[in-house]
Amino acid sequence: MVVLAATLVGAAAVAPIVQIVLRAGSQGWDRTAAIVLRPRTLDLAINTLTLTATVCAISLVLGVAVAYASTRIALPAPRLWIVLACLPLAVPSFVAAFAWASTWPRAVGFWPLVVVLTVTCVPLVTVPTIGAFAVADETLADVARTLGRSRAHAFVRVLLPQVLPAAGAGTLLVALYTIADFGSPALMRHQTLTTGVYALFRSGIDRSAAAAMSLPLAALALSLVIAERRLRARGGRRPAAARRRPPHQLSGPGTALVAAALSLLALAGVGAPPAALVRRSLIADRYPSTASDLAGAAATSLALAAVAASVTVLLALPISHLVARYRSRWLAVVESATVIGYAMPGVVIALALVALSLAVLPFIYQTLTLLIIAYVVLALPLSVGPSRAAFRAVPVSMDEVSRTLGRGPVPTWLRVRLRGALPGIMAGWLLVVADVLKELPATLMLRPIGVETLATELWGKTTLGAYGAAAPIGILLVAVGVVPALILARGIRTPGTADRSADR
Amino acid sequence: MTRTRTRTTLYALVAAGSAFALAACGGSAGSAESSSSAATSASGGEGALVVYSGRDEELVQPLIDRFQTSSGITVQVRYGSTTELAGQLVEEGAASPAHVFLAQDAGALGAVSEAKLFTTLPTATTSKVPAKYTSKDGSWVGLTGRARVIAYDSQKYKEADVPAQVTDLVKPEWKGKVGLAPSNASFQAFVTAMRLKDGEAAAKAWLAGLVANGAKSFESNGDILEAVNSGALDLGLINHYYWARSEADPKTLRAQLKFGAPGSTSALVNVTGAGILSAKAGPQAQQFVDYLLSDAGQAYFVDETYEYPLVGSKGPANVPPLAELDGPDINLSELSSVKETVQLITEAGLL
C-alpha cells in the first residue's frame, strides 16, 4: 500500500520529465543530437559544472562551519545565531544578484555569481547540519581527546562523519538549485545550461530545441542525485542515544571573532540586498505599486505557499517513511525520481505541465489545482530530504516498545514515528514554503488569470526596467520569506533543547 | 509549549491540505464529462473576453480598463512574455481559452499565424495601418512601431562617434564594447530583416563578425540599457522605447540613443500587433482590436509607452518622428521566418 503510494507520487513527479524527453524526440533524434552535441553545449556544461562545484564546495565548508559555530561554540544569545543562519533563505538569488549588479555593475561574472549563490544557498547546508550537530554523539570525540588527539583531529575523525550525511544532503540541494537557477546567472552574465535552455526557449515557438537542450540538465541532475546517494550510503547510522556536552567556551577575542564572522555572513545574505534595493528605489519613482496590490499579492503568495507545502509534505510522507526504514533498489529509483523536477528550470517543467494537463486533465488547466501540482513537482525533494532524516532519527526500539504495549501498527506509526519525525517534517514544510514564495516561471504560465503573487509582481516591474518600483516588492518578498525562515530557526533543536526533549 | 503549538499548526495545515486535495479530486470527477467547455470555465466567468498579453501589465492594463469602461465588456488578461505566450498558444491549440493575442513583435505573431490559430481580420481593420507595418494575409494587425537603436555611454562618446550602421560594429575599434540580446525577439527580428534586405551571407558574416569582435550577450534589452546607463557597457543594441519610457527622464540618462541611417536595415522599425484567435471569439474581440487602433488607443500608446502610432502622425516625445527614421523597405509579415534566423544565430554560437 505505502509502496504503491510512494510509487504513484514518484511517477507523477517524473511525468513532466517523460513528456520533455518525448517532446525532445518528437522532431527526430538527429535534430535532438544536433542541438545537444555541439561545442556550445560543452562550453555551457563546463560553465555549469565549474560554477556548481565551486558553489557547493564553499557552501559545504561554510555551512558546516556556521552550523558548528552556532551550535557547538558558546556565544551570547545562542538562538540569535541560528536565526541569522536561516534568514538568507528568505532572499531569492535573483534579488541578491540584482542588488549586487545594481551596486557594482562592472563586477559581474563567475566569482560575483559564486558569492551571490553561496550567500543565498548556504542555509540549505547550514539548517540540516545544525540539526545533525544537535544530535551528534560527542562522547567519541571526548575519547579521542583523552587519547591525546587534537581538537581538530577529533572534529575531523569523529564529529564530522556524523554530520556529513546531513551536510551532504543539503549540498545536493545547493547543487540542484545552482544548475536550475536562471535569474542570478542571467543578471551576472555567466552562461549556464539553464540560461542556454531559456535562450533557446525564448527564441523559438518550437519547443523541441529547448526540450532537447534540457536533457543534459536532467542527466546532470540525475548524476548528482546518484553521487549523493553513494556518499550517503557510506555514512553510518548514528547511535540512537547520544551523550552531548554544553557548547565549548572560546576566549573573549575568539568569541567576538566568531560572532563577527557569523554576523557578516548574515549581513551579506539578508541585509545587503534590501539595502541595495532601498538605494535603488530612491533614484527612480515611476510605475509604483499600490498598497492594496502588494497586500493582495503577499496574501496570495502566502496562501499558495502554505497549501502547496502541505500537499507536498503529505505526498512526501510515504516516500520519506519508506526510504528511512528500508533499502531497496526500487525505493532508490522512486526517491531519485522526485529530485529531478527540482533540478530542472521551472519554465521547462511548466511547459511540460501545460501539454500534460491539456492532454490528460484539461479541466484543471489554468486552475489553482494545476499550479499546486507544479509547485509539488518542483519542490518535492525539499520535503523528502528533511522528513527522511527525521524518520530515520526515530529509534526503531521506540516502535518496538509501543508494539509491546499493545498498540497496533497504525497508531504506533502515528503516535511514535510521525510524532518523533514532526520537527523534521515541519522543517521540510517550511523549506517548501520558502521555495514556493520565490517561484516565478511556472507561476506565470499556470496561474489562473488575474492571480498575482509577489514574484509575478516583481517580474512585471523588472521587465519594464522599473527597478525602482521593483525594490519595495523585492523587500516585501524578503520580509514575507523571513517568516518561514524564522519559524524554521525556532524549530531547530539545539543541543540544549534536544537534551530536554530526550528526557521526556 | 512551542512543540505543542508547532504540532497543532502542522495538523491544521495537513488537514487543510487534505481537504484541498479531496476538493480537487471531487471537482475533477464532477467536471470530467464537461471537459469540452472546460476551456471557457477554466478562464473563469462566462462571456468575458480573454486576452493573452505579451505586453506589460503596467503599460496596457490602463488602456484595457478604459476599453472596459467605454464598452461595458469584461476583459480578462493573462500577462507573460510574448514568446512564452505564443508558445503556450501553440501548445494549447484549439483548447486555448484565449480570444485575442496582443504581442510585442511581428515574429511571434507570424509564428502563431503559421500555426493557423488566427482568424482573418476584416479589411476595414487592417487597411487603417500602412501595409508595411501589418500582416499580408490579414491574420494580425500592427498596432505600434518601435525603432531599433544603439544606446551609447554619453560620458565616453558623442553621438557622432557612434556608427549609424550596425555593420560597423564589427570593426576593431568596437572590440569588446558592444552588447546584444541574442535570445530577444527584437534582436532576432532585426537579424531576419538583415537576412531579407542584405542577404543570408551578409547576415551570417555580421553575426560571425560580432562574435569574433567579442560582443557581449545579455538576456534582455532592459539589461543592456541598465549596463550602458551604469557605465558597464559602451554600446548596446536595443529598441527606442526602453530608453524613452525609462524610469527617469530619458534626456538626463547617461545612456543616449543613436538612430540608424535612414533607409538602411539599421533603421528598422518593428511593430507590436494583435490577432484574433478563434471564430468563436465573437464581435467583442473585434471591438477590442478596433479600440486599440482608434484615436484614443493610439494616443495612449504615444503618451504612455512612447511608441510610434501606426494610425495618425503625432509621435512620442524625445525621439525623431517615424517619417524621418525611414525604415528599410521590408514587409514585416516576412519577419516570421524566425526559425531560420534562430538557426543562423545558433550556428554563430550566440544561442
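Residues numbered from 1 in each chain as written. Chains lettered and ligands numbered in written order. Predicted model: local features only at pLDDT ≥ 70, side-chain atom pairs only at ≥ 80, totals over all residues. Heavy atoms only, no water.

Brief notes about the overall build of chain A
Part 1 of the reasoning: When helices and strands are counted, chain A shows 22 helices and zero strands.
Part 2 of the reasoning: The globule rule puts the C-alpha radius of gyration for 504 residues at 23 Å, and the 23 Å found for chain A is close to it.
Part 3 of the reasoning: Taken along the three principal axes of its C-alpha coordinates, chain A extends 65 × 55 × 50 Å.
Part 4 of the reasoning: For chain A, the residues scored as buried account for 60% of the 504 residues in total. (Helix = DSSP H or I, 4+ residues; strand = E, 2+ residues; numbered from the N terminus. Rg over C-alpha atoms; globule rule 2.2 N^0.38 Å. Buried < 20%, exposed > 50% of the residue type's maximum accessible area, 1.4 Å probe, protein only.)

Describing the overall build of chain B
Part 1 of the reasoning: Within chain B, the regular secondary structure consists of 14 helices and 10 strands.
Part 2 of the reasoning: For chain B, buried positions account for 58% of its 351 residues.
Part 3 of the reasoning: Taking the intrachain contacts of chain B between residues at least 6 apart in sequence as the baseline, contacts between residues at least 24 apart amount to 76%.
Part 4 of the reasoning: In the form shown here, chain B has an accessible surface area of approximately 13,100 Å², with 55% of it arising from carbon and sulfur atoms. (Contact = heavy atoms within 4.5 Å. Areas by Shrake-Rupley, 256 points an atom, 1.4 Å probe, with all protein chains shown as cover.)

Topic: the packing of helix α8 (residues 151–180) of chain A against helix α14 (residues 329–343) of chain A
Residues and elements named next belong to chain A.
Part 1 of the reasoning: Relative orientation of the contacting elements α8 and α14 amounts to 40°, with a least axis distance of 8 Å. Classed by the angle they form, the pair α8 and α14 counts as oblique. In contact with Leu173, Leu176, Tyr177, Ile179 and Ala180 of α8, α14 contributes Val339, Tyr342 and Ala343.
Part 2 of the reasoning: The class makeup of the residues in the contact of α8 with α14 is eight nonpolar, no polar and no charged. (Axes fitted to C-alpha atoms, helices over the stretch in contact; angles between N-to-C directions. Parallel < 35°, antiparallel > 145°, perpendicular 65-115°, else oblique. Nonpolar A, V, L, I, M, F, W, Y, C, P; charged D, E, K, R; others polar.)

Quick word on the interface of chain A and chain B
Part 1 of the reasoning: At the junction of the two partners, chain A supplies 66 residues and chain B supplies 66 residues.
Part 2 of the reasoning: Between chain A and chain B lies a buried interface of about 5,800 Å² when both sides are counted; carbon and sulfur atoms form 57% of it.
Part 3 of the reasoning: Taking the shortest distance from any N to any O, the salt bridge between Arg23 of chain A and Glu91 of chain B comes out at 2.7 Å.
Part 4 of the reasoning: Across the side of chain A that touches chain B, the residue classes break down as 38 nonpolar, 11 polar and 17 charged. (Buried area = accessible area lost by both parts, 1.4 Å probe. Salt bridge = Lys/Arg side-chain N within 4 Å of Asp/Glu carboxyl O.)

Section: the nonpolar core
Part 1 of the reasoning: One finds Leu176, Met344, Trp429, Met445 and Leu446 of chain A to be the most contacted residues of the largest nonpolar core, which totals 159 residues.
Part 2 of the reasoning: The contacts of Met344 of chain A, once residues within four sequence positions are left out, are Ile17, Ile20, Ala180, Ser214, Leu217, Ala218 and Ile349 of chain A.
Part 3 of the reasoning: Counting 110 residues, the second largest nonpolar core, distinct from the first, contains Val129, Ala281, Phe288 and Leu292 of chain B. (Core = buried A, V, L, I, M, F, W, Y, C linked by side-chain atoms within 4.5 Å.)

Considering the confidence of the model for chain B
Part 1 of the reasoning: On average, residues of chain B score 84 in pLDDT, and 87% of them are at 70 or above.
Part 2 of the reasoning: Confidence over residues 1–45 of chain B falls short of pLDDT 50; this stretch has 40 contacts with residues more than four positions distant or in other chains. (pLDDT = per-residue confidence, 0-100.)

A look at unusual backbone geometry
Part 1 of the reasoning: The phi torsion at Arg189 of chain A lies on the positive side, around 55°, for a residue other than glycine.
Part 2 of the reasoning: Unusually for a residue other than glycine, Asp326 of chain B sits at a positive phi of about 50°.
Part 3 of the reasoning: Within the fold, Asp326 of chain B resides in the loop between α13 (322–325) and α14 (338–347).

Here's the deal with the environment of Ala244 of chain B
Residues and elements named next belong to chain B.
Part 1 of the reasoning: With respect to the secondary-structure elements, Ala244 resides in helix α10 (residues 240–244).
Part 2 of the reasoning: Classification of Ala244 by relative accessible area gives buried; the value is 2%.
Part 3 of the reasoning: Spatially, the C-alpha atom of Ala244 lies 25 Å from that of Phe67, the residues being 177 residues apart in sequence.
Part 4 of the reasoning: Setting aside its immediate chain neighbours within four residues, Ala244 contacts Pro250 and Tyr306.

Examining the pattern of salt bridges
Residues and elements named next belong to chain B.
Part 1 of the reasoning: Evaluation of the coordinates by the stated rule reveals 12 salt bridges over all chains.
Part 2 of the reasoning: Among the ionic pairs, Lys156 bridges to Asp234, the shortest N-O distance being 2.8 Å. With Lys156 in the loop between β4 (141–153) and β5 (178–180) and Asp234 in the loop between α9 (221–229) and β7 (235–239), this residue pair connects regions lying 78 residues apart in the sequence.
Part 3 of the reasoning: With relative accessibility at 45%, the residue Lys156 sits in the partly exposed group.
Part 4 of the reasoning: Overall, the relative accessible area of 8% leaves Asp234 in the buried class.
Part 5 of the reasoning: With its nearest N and O atoms 2.9 Å apart, the salt bridge here joins Arg195 to Glu200.
Part 6 of the reasoning: Note on Glu200: relative accessible area 42%, which makes it partly exposed.
Part 7 of the reasoning: A cluster of three or more residues bridged by salt bridges with shared partners is formed by Arg55, Arg146 and Glu307.

Regarding the side chain of Thr192 of chain B
All names here are of chain B.
Part 1 of the reasoning: Following the sequence through the fold, Thr192 ends up in helix α7 (residues 185–198).
Part 2 of the reasoning: Polar side-chain contacts of Thr192 include one of 2.8 Å to the backbone oxygen of Gln188.
Part 3 of the reasoning: Setting aside chain neighbours within four positions, we find Thr192 in contact with Glu334, Leu335, Ser337 and Thr341. (Polar contact = N/O pair within 3.5 Å; in protein donor to acceptor, adjacent residues only side chain to side chain.)

Here's the deal with the packing of helix α15 (residues 346–360) of chain A against helix α16 (residues 368–393) of chain A
Residues and elements named next belong to chain A.
Part 1 of the reasoning: The geometry of α15 relative to α16 is characterised by a closest axis approach of 11 Å and an angle of 135° between their N-to-C directions. Of the possible angle classes, the one that applies to α15 and α16 is oblique. Considering how the two elements wind past one another, α15 and α16 form a crossing that is right-handed. Every residue of α16 that contacts α15 at Gly346, Ile349, Leu353 and Ser357 is listed here: Leu370, Ala374, Val377 and Leu378. (Left-handed = near helix turned anticlockwise from the far one by under 90°.)

As for helix α1 (residues 2–25) of chain A
Residues and elements named next belong to chain A.
Part 1 of the reasoning: The end-to-end C-alpha separation of α1 is 34 Å, in line with the 34 Å expected for 24 residues at 1.5 Å each.
Part 2 of the reasoning: If you look at α1, its biggest bend is around 35°, right at Val14, and the proline Pro16 turns up within four residues after that.
Part 3 of the reasoning: Of all the residues in α1, the buried ones are Ala6, Val9, Gly10, Ala13, Pro16, Ile17, Gln19, Ile20, Ala24 and Gly25. (Expected span 1.5 Å × (residues − 1). Bend = angle between axes of the 7 residues up to and from the residue.)

Digging into the pairing of strand β3 (residues 100–103) of chain B
Residues and elements named next belong to chain B.
Part 1 of the reasoning: Neither face of β3 is left uncovered, since the one carrying Val100 and Leu102 and the one carrying Phe101 and Ala103 both have all their residues buried.
Part 2 of the reasoning: As judged from the three bridges shared by strand β1 (residues 49–53) and β3, these two strands associate in the parallel manner. Following the sheet pairing, Val51 is matched in β3 by Val100. (Pairing = 2+ DSSP bridges.)

Thoughts on the side chain of Asn184 of chain B
Part 1 of the reasoning: For Asn184 of chain B, the position within the fold is in the loop between β5 and α7.
Part 2 of the reasoning: Side-chain polar atoms of Asn184 of chain B contact the side chain of Asn221 of chain B, separated by 3.3 Å.

Section: the packing of aromatic side chains
Part 1 of the reasoning: Applying the stated criterion across every chain yields a total of 14 aromatic pairs over all chains.
Part 2 of the reasoning: On the basis of an interplanar angle of 85° and a centroid distance of 5.0 Å, the ring pair of Phe110 of chain A and Trp111 of chain A is categorised as edge-to-face.
Part 3 of the reasoning: Between Phe133 of chain A and Phe155 of chain A the ring centres are 6.5 Å apart and the planes differ by 20°, which places this aromatic pair in the stacked class. With Phe133 of chain A in helix α6 (residues 110–135) and Phe155 of chain A in helix α8, this residue pair connects regions lying 22 residues apart in the sequence.
Part 4 of the reasoning: Over the face of the ring belonging to Tyr242 of chain B we find Arg245 of chain B, whose NZ or CZ atom lies 5.2 Å from the ring centre. (Phe/Tyr/Trp six-rings, centres within 6.5 Å; stacked < 30°, edge-to-face > 60°. Lys NZ or Arg CZ within 6 Å of the ring centre and 35° of its normal.)

Notes on the pairing of strand β2 (residues 75–79) of chain B
Regular strands show a simple pattern: their side chains alternate between the two faces of the sheet.
Residues and elements named next belong to chain B.
Part 1 of the reasoning: Extensive coverage of β2 is indicated by the burial of four of its five residues.
Part 2 of the reasoning: As paired strands, β1 and β2 are joined by five bridges and run parallel to one another. From the neighbouring strand, Val50 faces β2, where its bridge partner is Gln76.
Part 3 of the reasoning: Taking the sense of rotation as the criterion, the β-α-β connection linking β1, helix α3 (residues 57–71) and β2 turns out right-handed. (Right-handed = clockwise from strand over helix to strand, strands pointing away.)

Digging into the confidence of the model for chain A
Residues and elements named next belong to chain A.
Part 1 of the reasoning: When pLDDT is averaged across chain A, the result is 83; 94% of the residues are at 70 or more.
Part 2 of the reasoning: For chain A, the element scoring lowest by mean pLDDT is helix α22 (residues 495–503), at 40; helix α3 (residues 39–72) scores highest, at 93.
Part 3 of the reasoning: Contacts from residues 495–504, a stretch scored under 50 in pLDDT, to residues over four places away or in other chains number 12 contacts.

Quick word on the environment of Leu215 of chain A
All names here are of chain A.
Part 1 of the reasoning: Tracing the chain through its elements places Leu215 in helix α11 (residues 208–234).
Part 2 of the reasoning: The spacing of Leu215 and Leu476 is 261 residues in sequence and 36 Å in space, taken between C-alpha atoms.
Part 3 of the reasoning: Once you skip the residues sitting within four places of it in the chain, Leu215 turns out to touch Val21, Ala24, Trp29 and Thr32.

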